[in-house]
Amino acid sequence: MTGALRSAAREALAAIGASLEGAMPGPRVLETGTVVEVGGGVARVSGLRGLRAEELVQMAGGALGIGFELGAEHVGVLLLGGAEAVGAGTTARLTGRIVDTPVGRGLLGRVIDATGRALDDLGPLRDVQRWPVERPAPAILARAAVSEPLLTGIKAVDALVPIGRGPRELILGDRQTGKTTIALDAMIGQRDSGVLCVYCAIGQRGTDVARVVEALRAHGAIDRTVIVVAAGDDLPGLQFITPFAAMSIAERFMADGEDVLVVFDDLTRHARAYRELSLLLRRPPGREAYPGDIFYLHARLLERATRLRAELGGGSITALPIVETQGQNLSAYIPTNLISITDGQLYVSPELFRSGQLPAIDVGRSVSRVGGKAQYRSYRDVAGELRLGYAQFEELEAFSRFATRLDADTRETIERGRRIRAVLCQPAHATLSPADQLVAIKSALDGLFDAIDAAQVARAESAMRAQVRARCPQLCQRLDAGASLDDAGWGELMAAARASLREIGGGDGEP
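Below or above, wherever it landed, is the structure these notes cover.

So, about the sheet that holds strand β2 (residues 42-46). With antiparallel pairing, six strands are arranged side by side around a closed barrel as β1-β2-β5-β4-β3-β6. Strand-to-strand twist in this sheet, taken as the mean axis angle between neighbours without regard to direction, amounts to 45°. Strands β4 (64-70) and β5 (74-79) of the sheet are contacted by helix α5 (residues 236-255), whose axis makes an angle of about 75° with β5. Across the sheet, helix α6 (residues 267-280) lies against β1 (32-39), β2, β4 and β5, angled at about 35° from β2, the strand it touches most.

Judged by pairing direction, the sheet is mixed, and its eight strands sit side by side in the order β8-β12-β11-β13-β14-β10-β15-β16 without closing on themselves. Looking at which strands have only one partner, the edges of the open sheet turn out to be β8 (111-112) and β16 (367-368). The sheet contact formed by β8 and strand β12 (residues 225-231) spans two bridges and is parallel. The residue bridging V111 from the neighbouring strand is I227, located in β12. Seen against the sheet, α5 touches β8, β11 (196-204), β12, β13 (259-265) and β14 (316-324) and runs at an angle of roughly 180° to β11.

Burial of the side chains of strand β7 (residues 100-103) extends over both faces: D100 and P102 are buried on one face and T101 and V103 on the other. Direction of pairing for β7 relative to strand β9 (residues 129-132): antiparallel, over a ladder of four bridges. Bridging across to β9, P102 finds its partner in R130.

The next subject is the environment of A118. By the element assignment, A118 lies in the loop between β8 and β9. It is 9.6 Å that separates the C-alpha atoms of A118 and V228, two residues lying 110 residues apart in sequence. Leave out the neighbours within four places in its chain, and A118 touches R110, V111, I112 and G123.

The terminal C-alpha atoms of α5 lie 30 Å apart, and with 20 residues this matches the ideal 28 Å at 1.5 Å per residue to within 8%. Taking burial as the measure, the 20 residues of α5 include 19 buried ones, the bulk of the element. G257 sits one or two residues past α5 and shows a positive phi near 85°.

On to the pattern of salt bridges, then. Counted by the stated rule, this structure contains 39 salt bridges. Residue R143 pairs with E303 through a salt bridge whose shortest N-O separation is 3.9 Å. Taken together, the positions of R143 in the loop between β9 and α2 (155-160) and E303 in the loop between α7 (294-302) and β14 put the pair 160 residues apart, joining distant regions of the chain. Given a relative accessible area of 17%, R143 falls into the buried group. E461 serves as the salt-bridge partner of R465, at 3.0 Å between the closest nitrogen and oxygen. Here E461 and R465 lie together in helix α13 (residues 457-471), a separation of four residues that amounts to about one turn. Here the residues in one salt-bridge network are E397, E415, R418, R419 and R421, joined through shared partners.

With that settled, consider helix α3 (residues 179-188). Of all 10 residues making up α3, eight are buried, and the element is well covered by its neighbours. Every buried residue belonging to α3 is among K179, I182, A183, L184, D185, A186, M187 and I188, and all of these are buried.

What follows deals with the packing of α5 against α7. Interhelical geometry of α5 versus α7 gives an angle of 20° and a closest axis separation of 10 Å. Judged by the inter-axis angle, α5 sits roughly parallel to α7. When the axes of α5 and α7 are compared, the crossing they make is left-handed. Seen from α5, the contacting residues are F240, P243, F244 and M247; seen from α7, they are L297, R300 and L301. Among the residues forming the contact of α5 with α7, the class breakdown is six nonpolar, no polar and one charged.

Once that is clear, we can look at the side chain of H270. Inspection of the secondary structure assignment puts H270 in helix α6. Among the polar contacts listed, one links the side chain of H270 to the backbone oxygen of F240, at a separation of 2.9 Å. Apart from residues lying up to four places away in sequence, H270 is in contact with I202, Q239, F240, P243, F244, L297 and H298.

By volume, the largest pocket is sized at about 800 Å³. Taken together, 34 residues form the lining of the largest pocket, with Q176, G178, K179, T180 and T181 sitting closest to its centre. Of all elements in the fold, only α3, β11, α4 (206-218) and β14 reach the threshold of two or more residues within the lining of the largest pocket. The element contributing the most residues to the lining of the largest pocket is α3, with six residues. Here the lining of the largest pocket is built from residues that sort into 15 nonpolar, nine polar and 10 charged.

A word on the packing of aromatic side chains. A full pass over the atoms with the stated rule returns six aromatic pairs. The interplanar angle of 85° and the centroid separation of 6.3 Å between the aromatic rings of F68 and Y274 together place this pair among those described as edge-to-face. Of this pair, F68 sits in strand β4 while Y274 is found in helix α6, placing the two residues 206 residues apart along the sequence. Judged by its relative accessible area of 16%, F68 is buried. Between the aromatic rings of Y290 and Y333, the centroid separation amounts to 5.9 Å while the plane-to-plane angle is 55°, which identifies the pairing as tilted. With Y290 in the loop between α6 and α7 and Y333 in helix α8 (residues 333-341), the pair connects residues that are 43 residues apart, well separated along the chain.

Cis rather than trans, the peptide bond between D265 and D266 has omega equal to -10°. If you trace the backbone, D266 turns up in the loop between β13 and α6. Here the bond from L358 into P359 is cis, since omega is 0°, no more than 30 degrees from zero. If you check the backbone angles, Q176 has positive phi at about 60° while not being a glycine. One can find Q176 in the loop between β10 (170-173) and α3. Among the residues examined, Q176 registers a relative accessible area of 54% and is labelled exposed. Positive phi values are uncommon outside glycine, yet A289 reaches one of about 70°. Note that A289 resides in the loop between α6 and α7.

About the criteria used
Residues numbered from 1 in each chain as written. Predicted model: local features only at pLDDT ≥ 70, side-chain atom pairs only at ≥ 80, totals over all residues. Heavy atoms only, no water. Pairing = 2+ DSSP bridges. Helix = DSSP H or I, 4+ residues; strand = E, 2+ residues; numbered from the N terminus. Axes fitted to C-alpha atoms, helices over the stretch in contact; angles between N-to-C directions. Contact = heavy atoms within 4.5 Å. Buried < 20%, exposed > 50% of the residue type's maximum accessible area, 1.4 Å probe, protein only. Expected span 1.5 Å × (residues − 1). Salt bridge = Lys/Arg side-chain N within 4 Å of Asp/Glu carboxyl O. Parallel < 35°, antiparallel > 145°, perpendicular 65-115°, else oblique. Left-handed = near helix turned anticlockwise from the far one by under 90°. Nonpolar A, V, L, I, M, F, W, Y, C, P; charged D, E, K, R; others polar. Polar contact = N/O pair within 3.5 Å; in protein donor to acceptor, adjacent residues only side chain to side chain. 1 Å grid on protein atoms, 1.4 Å probe; cavity = no way out; pocket = protein on both sides within 12 Å on 5 of 7 lines; lining within 4 Å. Points joined across faces, edges and corners; volume = space filled by probe spheres on them. Phe/Tyr/Trp six-rings, centres within 6.5 Å; stacked < 30°, edge-to-face > 60°.

Set out below in structure tokens:
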């Protein structure tokens, strides 16, 4: 036993010696400076002549900052926390590290901030690496065409404004119109799709973030989601880097060949935080007091969303940035910037929201530049007729407000359009499979709900969908898998829908 212990001790000493071989102890050079002025989460520091852009700066007392403004006499440092412990005369030193964030599968199901501090009660982070928050966007030749749909489970989106895996789709509208709910439903819709999600909250209240976390947990999507939070009372420097940290987390998954959905809620607050920082650093203000590089700020963030070529892993990042408008003004500075950067937009109308049309997506003002390229053939079979019929209905409905007498055909078109609109209504967090969506939309287009009062369409539609799936399981499985149906298949589905409506007392099911 003694001999074995001696042998183990010799091996340990040999290993220690090998690890120390070539290591020469010596002094370590640390560059330090002194805080001259601090306020609003920004510190001016003298003496840090070797500071690099985006380098972490350690303050006495533990506070961290980011080198942001490099001047001849002083440097501007964005504080990430602990600003109350920083004052004039506080010592600052360089760390040699560029600001980074944790990445990896160990973040799934966790709530963190951009620096990697856990905000939940699940203990320290495990199985993570650290990546810089700022990374170059993939080169053009590394990108693949968008061809695979990202199904949200929302009828109005998947049928009329389809989103693919890889592009950037803006969600914009006035305050309190359901923008976050649409993005949250899109994340819930990925729970069985294999798509991972990253939710980035910028300047949100703690109660709003808690509601998002609870909704994801209640619908079984929290284990495939990372929540990155910069609260409204956090320093503007932390709010500034948070969306870039969220994108780095998504890029780590994309590098592993995963498809990722990233929600930025919202970039209006991000722009305001950047404006605040720029004004504190005395940068020249431009339109609406925003700095001149505000467009580049969001462009370099959103351009990192793409689909990689198959030889590079084939992963993708789909971005859903949210922006708030005021008084339905789509021509404001930040909304127009983001509209020009993104590949389409979902416009959420306050009029539709007040009238109870939820989700309140204005189909006429919404657009997807990807279009049918990222849509199943079965959706394309009904989308053209739906878009044309719905646009015709909205025009006739607006005209009918000024007309005293309408002919029978016009009245029939308006009544059918009202039932189509009722079918496009959808409760929050009630995402639907492709088969359920298509059966409901096709039934409305064929007039199966014409004999039903518009207020009762939602009840009849829900019961009808369940019965059609029970009667035609194979056809529904084909639609869920993305296959298209021939005329005989559609005829069988519509016959089952008519029979179901007759059984549930929703009229005779005949147009």
